[in-house]
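So the chains spell out like this:
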2 protein chains.
Amino acid sequence: MALGTDYAFQDCSLARTLEVVGERWTMLIIRDAFYGVHRFNDFLVHLEIPRAVLTTRLQALVAAGVLTKQPYLRSPVRYSYVLTQAGRELWQPIYGLAQWGERNASNGKVRTIFSHFTCSTRLDRAGNCPACGGPVPPEDITIRPGPGADASLRKDPVSRALARPHRLLTPLQLTDGTAG
Amino acid sequence: MALGTDYAFQDCSLARTLEVVGERWTMLIIRDAFYGVHRFNDFLVHLEIPRAVLTTRLQALVAAGVLTKQPYLRSPVRYSYVLTQAGRELWQPIYGLAQWGERNASNGKVRTIFSHFTCSTRLDRAGNCPACGGPVPPEDITIRPGPGADASLRKDPVSRALARPHRLLTPLQLTDGTAG
DNA sequence: CCCCAAAGTTCGTTCACCGAACCGACACCA
DNA sequence: TGGTGTCGGTTCGGTGAACGAACTTTGGGG
């Protein structure tokens, strides 16, 4: 059992969850999956994670039922890693952790703005739409950089694609520099 | 920088949060703090965590402003670790992660039941009270073991104290076996 | 004086993470 | 046919965090 995954004696559902998503990098992989990243190399470039670790994490998440691995190219065979329904249900706590970071560990900078796709209203800290008055599922959320985002930090294609406003859970469209 | 805390290149609030609470054991320490654990030795016994790791984690959480260290005994001097306001705001995502674990990684067993103190209604998966129709702050939540809890797993005094119904954020009262 | 408890510190071993190199399948190009 | 490039890995040596046990410090009680 990996170092970060053994809380077996803890009769607690939080410990069960952390055995699945509590290791280093795992939540950032899931966050990227929500943002639309789905290819091995895109995770690799965007997270700057060691390849072997990414392989291990993706396998573990597939085994846990958080992600599924689907071929998106026959020849050469290439795989997509996409969130399952169980994986999508992690949106609320992940959003909550990110919002806590915005309030408590970001010097007041708003790095990312989440809006309700159908009405463009910004979500509140619980992930609800103040206009529509209810929780918003991730597929109905638009993400765009906020005023505190630092575009100069990352210039790789994945980061540039993620910096364009887009809906969660829609597969990322990579455009190289030549396309304008 | 510790192994689990360096995501500096990630211009992302989730990464900022994980630098604070993303290391092994840290979220379980915060969970225990919500449940009323506040002494070094009680964390140690309940989590079965190496002493050096607990020392490191508590210091980091105090430095991050999640916990504060307060003397509760003058002689010999003994310290309480209690959640700050920023720490209490972690309740929603931690509750969300625990609920995800109940649904997806617990074989359908309900280990813990969270209720609204003022009306005894069970909270929904978002942490709201269905009867009162809104989010419930942790200090208004009652916790008690559910039918899936395995009382035989842990017999230490801290586990027994935590197994009694009580409100979150109230300091744990340890009763030894002799008190009946 | 001896034993106990709380809250650490120290230390040797183990093991996960890290980065770099390597590998295999396939596409494209000349 | 060979050279080059991409994608999705695997392998491997070095580093450093986690682990558990032993030790320390401060004070209480008999």
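As a starting point, this report considers the structure included with it. (Residues numbered from 1 in each chain as written. Chains lettered and ligands numbered in written order. Predicted model: local features only at pLDDT ≥ 70, side-chain atom pairs only at ≥ 80, totals over all residues. Heavy atoms only, no water.)

Considering the overall build of chain A
Per the secondary structure count, chain A includes seven helices and seven strands. If you list the helices and strands of chain A from N to C, you get α-α-α-α-β-β-α-α-β-β-β-β-α-β. Computed over its C-alpha atoms, the radius of gyration of chain A comes to 17 Å, within 12% of the 16 Å expected for a compact globule of 180 residues. Principal axes of the C-alpha set define a box for chain A whose edges measure 45 × 45 × 30 Å. Counting only residues that meet the buried cut, chain A has 49% of its 180 residues in that class. Within chain A, contacts between residues at least 6 apart in sequence are counted, and of these 50% link residues at least 24 apart. Summing over all exposed atoms, chain A offers an accessible surface of approximately 8400 Å²; the carbon and sulfur share of this is 54%. Here chain A contributes 21 positively and 15 negatively charged side chains, and the mean placements of these two sets differ by 6 Å. (Helix = DSSP H or I, 4+ residues; strand = E, 2+ residues; numbered from the N terminus. Rg over C-alpha atoms; globule rule 2.2 N^0.38 Å. Buried < 20%, exposed > 50% of the residue type's maximum accessible area, 1.4 Å probe, protein only. Contact = heavy atoms within 4.5 Å. Areas by Shrake-Rupley, 256 points an atom, 1.4 Å probe, with all protein chains shown as cover. Lys, Arg positive; Asp, Glu negative; His and termini not counted. Charge placed at Lys NZ, Arg CZ, Asp CG, Glu CD.)

Notes on the pattern of salt bridges
Summed over the entire model, instances satisfying the criterion amount to 16 salt bridges over all chains. Notably, a salt bridge pairs Glu 89 of chain B with Arg 103 of chain A, separated by 3.2 Å at the nearest N-O pair. One end of the pair, Glu 89 of chain B, is in the loop between α5 (85–88) and α6 (91–104); the other, Arg 103 of chain A, is in helix α6 (residues 91–104), on a second chain. Look at Glu 89 of chain B and you get partly exposed, because its relative accessible area is 24%. Members of the salt-bridge network, linked through shared partners, are Glu 48, Arg 154 and Asp 156 of chain A. (Salt bridge = Lys/Arg side-chain N within 4 Å of Asp/Glu carboxyl O.)

Remarks on the side chain of Glu 102 of chain B
Position of Glu 102 of chain B among the secondary structure elements: in helix α6. Buried within the structure, Glu 102 of chain B lacks any salt-bridge partner; its nearest side chain of opposite charge belongs to Arg 111 of chain B, at an N-O separation of 5.2 Å. Looking at Glu 102 of chain B, its side chain comes within polar contact range of the main-chain nitrogen of Arg 111 of chain B, at 3.1 Å. Those residues in contact with Glu 102 of chain B that lie beyond four places of it in its chain are Ser 13 of chain A together with Gly 108, Lys 109, Val 110, Arg 111 and Thr 112 of chain B. (Polar contact = N/O pair within 3.5 Å; in protein donor to acceptor, adjacent residues only side chain to side chain.)

Regarding the protein's contact with DNA strand C
Surveying the vicinity of DNA strand C reveals 22 residues, the closest of which are Arg 24 and Arg 57 of chain A together with Arg 51, Arg 78 and Tyr 81 of chain B. Arg 51 of chain B places a polar side-chain atom, nitrogen or oxygen, 2.6 Å from a base nitrogen of DNA strand C. Within the side chain of Lys 69 of chain B, an N or O atom sits 3.4 Å from a phosphate oxygen of DNA strand C. Going through the elements one at a time, α4 (51–63) of chain A together with α3 (40–47), α4 (51–63), β1 (67–73) and β2 (78–83) of chain B are the ones with two or more residues in the surface near DNA strand C. Class assignment of the residues belonging to the surface near DNA strand C gives a composition of 13 nonpolar, three polar and six charged. (Near = heavy atom within 4 Å. Nonpolar A, V, L, I, M, F, W, Y, C, P; charged D, E, K, R; others polar.)

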